[in-house]
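Fold and geometry: a report
What follows is each chain in one-letter form.
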Amino acid sequence: MTPEIDLVPEVSSLSEIYLTSDHAPRYRKLFERFKEAYGEYPDFVSRSPGRVNLIGEHIDYCYFSVLPMAIEADIVILVSKNDSRKINLLNGDSKFEQESFALPDDGAFVSIDPTVTTWANYFKCGHLVAHQYLSESRPRSKLPVGMDVLVDGTVPAAAGLSSSAAFICAAALATLRANGITSVSKEQLTTLAIVSERHLGVFSGGMDQSASVFGKRDHALYVQFQPQLECTPFKFPDTEPQLAFLIANSLVTANKHETAPINYNLRVVEVSIAAEILAHKCSVSIPQDSGIGTGTLRGFMEAYYKEYEGALPWDGEVLEGTIRLERMAKLVRTVFVQTDGYTTAEAAEELGITVDQLHDRFLSKTPVRFEKLQLYSRALHVYEEALRVLQYLTLLLHPPVDSVSLFHDLGQLMNKSHDSLRGLYNSSCKELDEICEIARSSGSYGSRVTGAGFGGCSVHLVTSQKVQDVKNALIEQYYRVRFPGISDAALEDALVISKPGIGSLVYTGGMP
């Protein structure tokens with residue numbers, strides 16, 4: 001029997017998207033603005049949400065599984081086709097200027113300059129990968145159409161909630177729809193979007209795009225990247241009191257693209273070098289399938305066990321997976337004796353290659369800046385964080401009878417995750433650390449940075465009885481201290497109870 005393909009849905013009612021009717025005025029305002037700018041109402045709306053990651057940070061680009069969920073905050077793109085051979089872009093936020101770009105008449109893909117900071121680049125990324133898909137599925141002589149576009153978002157930018165991934169997913173979906181592709185699988189859209197941000201110089205994993213596209217109301221997602229992309233939705237166990245996740249925005253901007261050379265991309269390079277050193281030391285060959293064309297820590301683990309202990313089951317065999325990850329963490333401690341970092345010369349020596357070869361293989365793919373490569377701490381975090389994901393999943397699938405025990409055990413895993421992100425991966429910041437400390441002391445069972453880090457948001461496991469206590473403590477001890485005079489509206493935006501929402505879709509219901 002042929003497996004059923006999970007398609008990106010098309011809906012005609014806002015009630016199929018949102019839990020409340022609050023978005024109807026937003027859509028009416030956007031529809032009117034679109035008509036004012038372009039002389040007609042849009043043909044359709046492409047929509048993708050942000051996400052919050054519960055646990056499993058900075059391990060997706062190593063192909064380890066993660067546990068995110070889509071949120072209700074989203075990016076919506078209103079679209080109509082035009083005959084101008086241009087993409088006209090208008091932003092719902094007035095601080096962004098209107099932009100446009102021409103479509104090449106020879107059918108070439110749009111060009112993207114990652115050195116230029118412009119919001120239009122995100123739409124270009126989505127358009128480019130969608131055009132690549134179109135060129136493979138139909139004659140090249142059929143050129144992509146011009147589009148009139150209005151973009152609006154409720155996902156805060158640079159906050160660790162994947163506003164860029166949501167934007168690009170929605171842009172790719174909008175481009176496909178405008179060009180006659182009315183049926184696209186969630187897996188295909190995700191696959192297109194995963195590689196798109198590389199055109200902006202960011203070698204991200206696939207968690208953000210997977211959560212945005214596959215999101216399901218009232219469900220979190222167990223996202224697996226190997227042996228193939230698979231997103232399994234699951235509900236949280238019934239508890240008394242009820243479990244809740246509070247998102248707290250530090251209001252510290254964390255622009256993943258602008259700081260990539262010292263933050264995000266540097267971490268990608270470090271774990272890639274670590275994987276290759278482990279493979280070299282253990283005399284195993286690993287697939288060169290990372291975002292920068294090298295091996296990964298997941299690839300090393302699979303190759304190691306195949307070579308020395310036989311191919312052991314992984315997905316679906318949580319116990320065996322935890323044993324393997326524990327052994328990998330021990331191996332990291334054995335191989336990387338320089339816990340304070342490696343110079344390029346020292347890393348090259350560990351690999352048995354020259355410094356020039358190290359540069360060509362690892363450091364020429366994307367600009368990075370560092371004093372020492374933190375190979376030990378990055379690799380240790382990845383294996384231990386992947387282990388925490390499996391332990392978290394086990395608790396959700398087989399919860400203890402006592403709800404308090406469940407809250408405690410889940411919270412401890414989240415706390416350990418944050419401690420690792422702060423101490424080993426260095427992706428937290430003092431503001432996020434402070435928020436987590438305040439939340440824990442006020443009733444949160446578990447608090448951690450979520451997303452790429454270096455600023456942005458944190459996520460907190462609380463009970464329905466303690467939500468307000470934690471919010472009040474954060475308002476008085478963090479927000480009003482660090483941001484005197486902050487408005488009630490800003491506080492409402494900064495502190496949000498996260499409810500799992502629906503993923504990418506096309507809205508065709510017209511003016512609500």
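Structure first, text after, so check above.
A few points on the structure. (Residues numbered from 1 in each chain as written. Predicted model: local features only at pLDDT ≥ 70, side-chain atom pairs only at ≥ 80, totals over all residues. Heavy atoms only, no water.)

With that settled, consider the pattern of salt bridges. Counted according to the given criterion, the structure contains 24 salt bridges. The closest approach of N and O atoms between R26 and D74, which form a salt bridge, is 3.0 Å. Of the two residues, R26 is situated in helix 1 (residues 23–38) and D74 in strand 3 (residues 67–82); the sequence distance between them amounts to 48 residues. Of the two residues, R26 and D74, both sit in the buried class. For the salt bridge of E385 with R388, the shortest nitrogen-to-oxygen distance reads 2.8 Å. Of the two residues, E385 and R388 both sit in helix 11 (residues 375–397), three residues apart, roughly one turn of that helix. You'll find E385 and R388 in the same group, each marked buried. Taken together, the shared-partner salt bridges in this structure form one network comprising R26, R47, D74 and D152. (Salt bridge = Lys/Arg side-chain N within 4 Å of Asp/Glu carboxyl O. Helix = DSSP H or I, 4+ residues; strand = E, 2+ residues; numbered from the N terminus. Buried < 20%, exposed > 50% of the residue type's maximum accessible area, 1.4 Å probe, protein only.)

For the rest of this paragraph, the subject is the sheet that holds strand 6 (residues 146–153). What the seven strands build is an open sheet, ordered 1-13-2-3-6-4-5; its pairing is mixed. Each edge of the open sheet carries a strand with a single partner, namely strand 1 (10–11) and strand 5 (99–102). In terms of strand pairing, strand 1 meets strand 13 (residues 505–507) through two bridges, oriented parallel. Bridging from a neighbouring strand, V11 pairs with Y507 of strand 13. (Pairing = 2+ DSSP bridges.)

Below, the discussion takes up the pairing of strand 7 (residues 220–224). The two faces of a sheet get side chains in turn, since along a regular strand they alternate between them. Where burial is concerned, most of strand 7 is hidden: five out of the five residues are buried. Across the two faces of strand 7 the burial is the same, with A220, Y222 and Q224 and L221 and V223 all buried. Sheet topology places strand 7 next to strand 8 (residues 230–234); five bridges connect them, and they run antiparallel. Among the inter-strand pairings, V223 is bridged to a residue of strand 8, identified as C231. The hairpin formed by strand 7 and strand 8 contains five residues between the paired strands.

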